[in-house]
Amino acid sequence: MGTPLSLLGAAALAGAIFLILPTETTGAAAPVNVATALTRAQAPDGKYISWREHRVDDEALGGVDIRGGDGLKIADLDKDGYADIVSVHEADTEYDGVLHGHIRIAFGTKSPDRWVLKTLAQGPEAAAAEDVTVADIDGDGYLDVVAAVELAHLIYFQNPGRGARTQTWKRVIPPVVDHRGSYIRVFAADLDGDGKPEIVAANKAAQAPKVTQPPSAISWFKIAGPPLDGASWVEHELAKVVWPINSQPVDLDRDGDIDVIGGSVAEGRIMLFENMGKSASPLFRERPITISGTSVFGDDRPADRRGDTRALISGFNMEFTDLNGDGRLDIVTWEFTRLVGRSIVWLEQPASLDGVWKLHPIGDYAPDLAVGIAVGDIDGDGLMDVMTGGYSFGPRDKDTDLTPTAISGRLAWFRNPGVAANPAAAWTRHDISRRRRGMYDQFVPRDMDGDGDLDFATTRGNSLTYDGVLWLEQVRTRAPAPAFRQARKVDSPEVPLPN
């Protein structure tokens, strides 16, 4: 989520790939900045699709030096009918182990450009905050918050109800998770069918993990009593893997109970923890996920993988949707590569969980590094498209190396060509913005302004004072418009893609 690229190791940076797919910047002409290039994306009615940035929370708006934006969730926390945004900020201008970070709430109003900002936690209890989830943990009808922090625990915040905006949220760091390595992801779901949410979390063992470190746990936590009583939190290990990176709950087999998909960076694999039903003991059993195909070949693969064609999947970010219309959930994710590229792919679920998942390319991100992904029908044609965001290399407090080949913070979306009819059809990449500084870890698809088309909320990191929370408004016009309109008059420079 916010791991520095220098720490991802050989298993996570394993082979650059340069697939030739349709983009918005083709031909031999001089490079044009991505944001100022006229969009070629169109909706079915012929209108052109561009994007406008809106600020929700940052240092200038909130007076708090939030840095390193990572996970976020949208929910109505105070039950006033308006969506609120919970976000975490790991304060990672450098990975220095300082116990600093922020967990923030932007309370919504009738205007999507006016937010009431609140710090839920800061300092040691939010140290390197990485991810967040919301659920009604205590059963009072109000959504509570659980955050994963890299240094080094889960923390539960109990919603005070009608006073959510003004009152202090009671909180607890359960002893079972306190000083426990480095939590990277957290999710809430009713796993055992008792009508109450449980917590699922992956622990990568250290803020700066290594591929040679001992295995650490992917776990779920049953809350057996009052959630503010730390003793109520009971851990159940799903598995121990080297450098776990994800633990997403999803009913993958659509049998009515919630499974968990885990991922390991060092082992370069994802795995299914199948829910065997509430009467089963243990509740889950691990199944391997076997994948056929790859989009990374030859010398672009890591040295220990050049003799095979296994998919290079870590499961860092995964989205689940039925792309081919067969009634089974497929996985949208990316393959890791050796140097600078990421290949966005989708994995086709087989008819049986014992079968082989087939990998299909979606598109290339070279020379940048795609990390954040989300699925949604962006152009309104009834097909699920893919929004993506990338990490920038280089300093986070200044703009250097503005050459087209420098790895920059990127926003782009991929149009679904109709893979239900033809799984091999080529997706079209529509680039939105490419700043020298930027990190876009997660997206939440939502019609933020109520105009009937799909927008996205996201966080931005790697950018110092430009870090924070924002939303991307989808704009439709009869004539082509510049692909992206930034919110600030002054921002990190836009850079072109290489020809």
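Residues numbered from 1 in each chain as written. Predicted model: local features only at pLDDT ≥ 70, side-chain atom pairs only at ≥ 80, totals over all residues. Heavy atoms only, no water.

Asker: Would you mind showing me how to read the sheet that holds strand S18 (residues 290-292) here?
Answerer: Within a beta sheet, neighbouring strands are joined by backbone hydrogen bonds and run either parallel or antiparallel to one another. Spatially, S18-S22-S21-S20-S19 is the arrangement adopted by the 5 strands of the open sheet, whose pairing is mixed. Unpaired on one side and paired on the other, S18 and strand S19 (319-321) mark the two borders of the sheet. This sheet shows a mean twist of 35 degrees between the axes of neighbouring strands, independent of strand direction. Relative to strand S22 (residues 356-364), S18 is paired through 3 bridges, and the arrangement is parallel. (Pairing = 2+ DSSP bridges. Helix = DSSP H or I, 4+ residues; strand = E, 2+ residues; numbered from the N terminus. Axes fitted to C-alpha atoms, helices over the stretch in contact; angles between N-to-C directions.)

Asker: I keep staring at the packing of aromatic side chains and nothing clicks. Help me out?
Answerer: Both the distance between ring centres and the angle between the ring planes are used here to describe each pair of aromatic rings. Taken as a whole and judged by the stated rule, the model has 5 aromatic pairs. The structure contains a cluster of three or more aromatic residues connected by ring pairs, namely Trp-51, Phe-443 and Phe-456. Here the basic side chain of Arg-342 rests over the ring of Trp-334, its NZ or CZ set 4.2 Å away from the ring centre. A cation over an aromatic ring shows up here: Arg-410 above the ring of Tyr-365, its NZ or CZ 4.6 Å from the ring centre. (Phe/Tyr/Trp six-rings, centres within 6.5 Å; stacked < 30°, edge-to-face > 60°. Lys NZ or Arg CZ within 6 Å of the ring centre and 35° of its normal.)

Asker: Is there a simple way to explain the environment of Lys-222 in this structure?
Answerer: Tracing the chain through its elements places Lys-222 in strand S12 (residues 216-223). Lys-222 has contacts with Asp-192, Asp-194, Glu-198, Ser-232, Trp-233, Val-234 and His-236, leaving out every residue within four places of it along the chain. (Contact = heavy atoms within 4.5 Å.)

Asker: What is the right way to read the side chain of Asp-192 from this model?
Answerer: For Asp-192, the position within the fold is in the loop between strand S10 (183-189) and strand S11 (198-203). For Asp-192, a relative accessible area of 16% gives the class buried. Among the polar contacts listed, one links the side chain of Asp-192 to the side chain of Lys-222, at a separation of 2.7 Å. Contact partners of Asp-192, with chain neighbours within four places excluded, come to Glu-198, Lys-222, Lys-278 and Leu-283. (Buried < 20%, exposed > 50% of the residue type's maximum accessible area, 1.4 Å probe, protein only. Polar contact = N/O pair within 3.5 Å; in protein donor to acceptor, adjacent residues only side chain to side chain.)

Asker: For this particular structure, what's the right way to read the confidence of the model for the protein chain?
Answerer: Low-pLDDT stretches of the model should not have their predicted coordinates read in fine detail. Here the protein chain averages 92 in pLDDT, while 93% of its residues score no lower than 70. Note that pLDDT drops below 50 for residues 3-28; the model gives that stretch 90 contacts with residues more than four away or on any other chain. (pLDDT = per-residue confidence, 0-100.)

Asker: Could you clarify how one ought to interpret the side chain of Arg-287 in this entry?
Answerer: Mapped onto the fold, Arg-287 is located in strand S17 (residues 284-288). At 2.5 Å, the side chain of Arg-287 and the side chain of Asp-354 are in polar contact. Not counting chain neighbours up to four residues away, the residues in contact with Arg-287 comprise Met-271, Leu-272, Glu-274, Leu-353 and Asp-354.

Asker: What exactly am I supposed to notice about the pairing of S22 here?
Answerer: Along a regular strand, successive side chains alternate from one face of the sheet to the other. In this sheet, S22 lies alongside strand S21 (residues 343-348) in antiparallel orientation, the contact comprising 6 bridges. Across the sheet, the residue bridging to Ser-343 is Asp-364, located in S22.

Asker: Honestly, the pattern of salt bridges in this entry has me stumped. Any pointers?
Answerer: Should the charged atoms of two oppositely charged side chains come close, the side chains can pair. Per the counting criterion, the structure on display carries 34 salt bridges. Measuring nitrogen to oxygen at the nearest pair gives 3.6 Å for the salt bridge that ties Arg-269 to Glu-286. Placement of the pair is Arg-269 in strand S16 (residues 269-275) and Glu-286 in strand S17, with a sequence separation of 17 residues. (Salt bridge = Lys/Arg side-chain N within 4 Å of Asp/Glu carboxyl O.)

Asker: Just to check I follow, could you spell out the pairing of strand S15 (residues 259-264) for this structure?
Answerer: Among the 6 residues in S15, 6 count as buried, and that is most of the element. Both faces of S15 are covered, namely the face carrying Asp-259, Ile-261 and Gly-263 and the face carrying Val-260, Gly-262 and Ser-264. Pairing of S15 with S16, which is carried by 5 bridges, proceeds in the antiparallel orientation. Its bridge partner lying in S16, Gly-262 is registered against Met-271. The hairpin formed by S15 and S16 contains 4 residues between the paired strands, and Gly-268 there has a positive phi angle of roughly 60 degrees.

Asker: Looking at this model, I keep getting lost on the environment of Gly-161. Mind explaining?
Answerer: Assignment of secondary structure puts Gly-161 in the loop between strand S8 (153-158) and strand S9 (170-172). As a C-alpha pair, Gly-161 and Asp-229 span 68 residues in sequence and 19 Å in three-dimensional space.

Asker: Is there a simple way to explain the sheet that holds strand S4 (residues 102-108) in this structure?
Answerer: Pairing is antiparallel in the open sheet, where 4 strands are placed in the order S2-S3-S4-S5. Two strands bound the open sheet, and with one partner strand each, they are strand S2 (69-75) and strand S5 (115-122). Each adjacent strand pair in this sheet contributes to an overall mean axis angle of 20 degrees, direction not counted. Here 5 bridges tie strand S3 (residues 84-89) to S4, and the two strands are oriented antiparallel to one another. Within the sheet, the bridge partner assigned to Ser-87 lies in S4 and is Arg-104.

Asker: In this structure, what is going on with the environment of Glu-59? I would like to understand it.
Answerer: Here Glu-59 is to be found in helix H2 (residues 59-62). Classification of Glu-59 as partly exposed rests on a relative accessible area of 28%. Sequence-wise, Glu-59 and Tyr-466 are 407 residues apart; in three dimensions their C-alpha atoms are separated by 7.7 Å. Excluding anything up to four places from it in sequence, Glu-59 contacts Val-64, Asp-65, Ile-66, Arg-67, Thr-465 and Asp-467.

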